[in-house]
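Working through the structure, step by step
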Amino acid sequence: MSGSAVSSFKRWFHQWGSPKWFYERSLVWSKWLGWIALICISTGLVWGLLFAPSDYQQGHSFRIIYLHVPAAVLAQSCYIMMAVAGLVSLVWKMKVADVVLKCAAPIGASFCFLALFTGAVWGKPTWGTWWIWDARLTSMLILLFLYFGIIALESAIQDKTTAARAAALLAVVGVVNIVIIKKSVEWWNTLHQPATFKLTEKPAMPPEMWMPLLVMVIGIYAYFGYSLFLRSRNEILQRERRTLWVRELIGASSSRGTV
Amino acid sequence: MAFSSFSDFIHMGGHGVYVWLSYSVGVAVLLYNLLWPRMHKSAIYKKLAQQFKRESRNSRENMNSKAVIDGPENMNNAESS
């Protein structure tokens, strides 16, 4: 019994090591994620901008939350995922993990930038300042620099294996910063309010405020997955260009004229 | 609905600048993550298609010339160039 479970786990794990398998499966996953993202983000935007009530203190600037929180949550989740991919890459030298780690970095960086930008724009009418050097904001800025660091390592080191090792190491070490971001609102006095969603508690907001937010968070996660698979497939095509299956894939698409 | 008119919606109770600035950058980030990988994909397809065409032409020519000079046993090496 357990022997067959172990062997089926091994087979499952082994599949993840195959770029071709990942490429083909991701086409299916992408399709689903793309639809979920489209539906959730369009619903969330309309709901958040038009229908959610305004905050009694902040007025309509509160609506920035529907971008700010999903972007910030994603920027952190993306980094944690990269750290896991980095660990897998360091321990098992799995090609797909290298690809995912490399491709997630620019997406995470763009959402981290969005979180910082919307935070600054939201801070102006709410706190009276674009920026303060407090724990939450500073640790979020460090996250952006960690993303830049990983992107720089990936592009500066010519050898793919060395680049992947360096990026993986930085991703794993940098995960400390995620803990600091999470705890920053508890450990230090800060202008930033505590987490909007907690898994263990009911949200402090009324449902007509947090429901569109939840929809947006789901939408942004799906969008991240969609974009990550797009980029990963591109990267796999380039890395595996000497293999027969890529040759056949490109040959088939160029003969169909669908480039 | 939280607004009574379209101009109310644009104005956002005096916070229109902040809200719309945030949302336009948000849309830009979303578009970047969609369009850039797609453009990259078609560039890769084009580049690889050209490369494979060139390689297969070269290897055919190599094979033909090698077949004359060395005989057929070296034909396998043509792939490795």
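Read on for an overview of the structure.

Rules used throughout
- Residues numbered from 1 in each chain as written.
- Chains lettered and ligands numbered in written order.
- Predicted model: local features only at pLDDT ≥ 70, side-chain atom pairs only at ≥ 80, totals over all residues.
- Heavy atoms only, no water.
- Patch = residues over 30% accessible without salt bridge, like charges linked within 9 Å, V, L, I, M, F, W, Y side chains within 5 Å.
- Areas by Shrake-Rupley, 256 points an atom, 1.4 Å probe, with all protein chains shown as cover.
- Salt bridge = Lys/Arg side-chain N within 4 Å of Asp/Glu carboxyl O.
- Helix = DSSP H or I, 4+ residues; strand = E, 2+ residues; numbered from the N terminus.
- Buried < 20%, exposed > 50% of the residue type's maximum accessible area, 1.4 Å probe, protein only.
- Axes fitted to C-alpha atoms, helices over the stretch in contact; angles between N-to-C directions.
- Parallel < 35°, antiparallel > 145°, perpendicular 65-115°, else oblique.
- Left-handed = near helix turned anticlockwise from the far one by under 90°.
- Contact = heavy atoms within 4.5 Å.
- Buried area = accessible area lost by both parts, 1.4 Å probe.
- Nonpolar A, V, L, I, M, F, W, Y, C, P; charged D, E, K, R; others polar.

1. Things to note about a nonpolar patch on the surface
Residues and elements named next belong to chain A.
- A cluster of nonpolar residues, L27, V28, W32, I36, L214 and I218, forms a patch on the protein surface that exposes about 550 Å² of accessible area.
- A per-element tally of the nonpolar patch places helix α2 (residues 19-51) first, with four residues.
- Note on placement: L214 falls in helix α8 (residues 207-239).
- When its relative accessible area of 37% is taken as the criterion, L214 is described as partly exposed.

2. Observations regarding the packing of helix α4 (residues 95-127) of chain A against helix α5 (residues 135-156) of chain A
All names here are of chain A.
- One can describe the packing of α4 onto α5 by two numbers: an axis separation of 9 Å at closest approach and a directional angle of 155°. Judged on the interaxial angle alone, α5 and α4 are roughly antiparallel. When you trace α4 past α5, the crossing you get is left-handed. Seen from α4, the contacting residues are L101, K102, A105, P106, G108, A109, C112, F113, A115, L116 and W127; seen from α5, they are L137, M140, L141, L143, L144, Y147, F148, I150, I151 and E154.

3. A short note on the pattern of salt bridges
Residue and element names in this part refer to chain A.
- In this structure the tally under the stated criterion is six salt bridges over all chains.
- Among the salt bridges present, the one from E24 reaches K20, with a minimum N-O distance of 3.3 Å. Pair noted here: E24 and K20 are both in helix α2, with a separation of four residues, about one helical turn.
- By relative accessible area, K20 is classed as partly exposed at 35%.
- The network of salt bridges with shared partners includes K102, K160, E235 and R239.

4. Let's talk about the interface of chain B and chain A
- At the interface, 35 residues of chain B touch 43 residues of chain A.
- Summed over both sides, the interface between chain B and chain A buries roughly 3600 Å², with carbon and sulfur atoms accounting for 73% of that surface.
- Counting across the interface, chain B meets chain A through one salt bridge.
- In terms of residues, the side of chain B that touches chain A owes the most to one element, helix α2 (residues 16-69) of chain B, which gives 28 residues.
- A breakdown of the residues in the side of chain B that touches chain A according to their chemical character gives 23 nonpolar, eight polar and four charged.

5. Comments concerning the packing of α4 of chain A against helix α6 (residues 160-173) of chain A
Residue and element names in this part refer to chain A.
- Running from N to C, α4 and α6 cross one another at 65°; their axes reach a closest spacing of 10 Å. As α4 packs across α6, the resulting crossing turns out to be left-handed. When α4 is examined against α6, the residues D98, L101 and K102 are found in contact with a partner set consisting of K160, A164, A167, A168 and A171.

Note that all results are geometric; they support no functional claim without further evidence.
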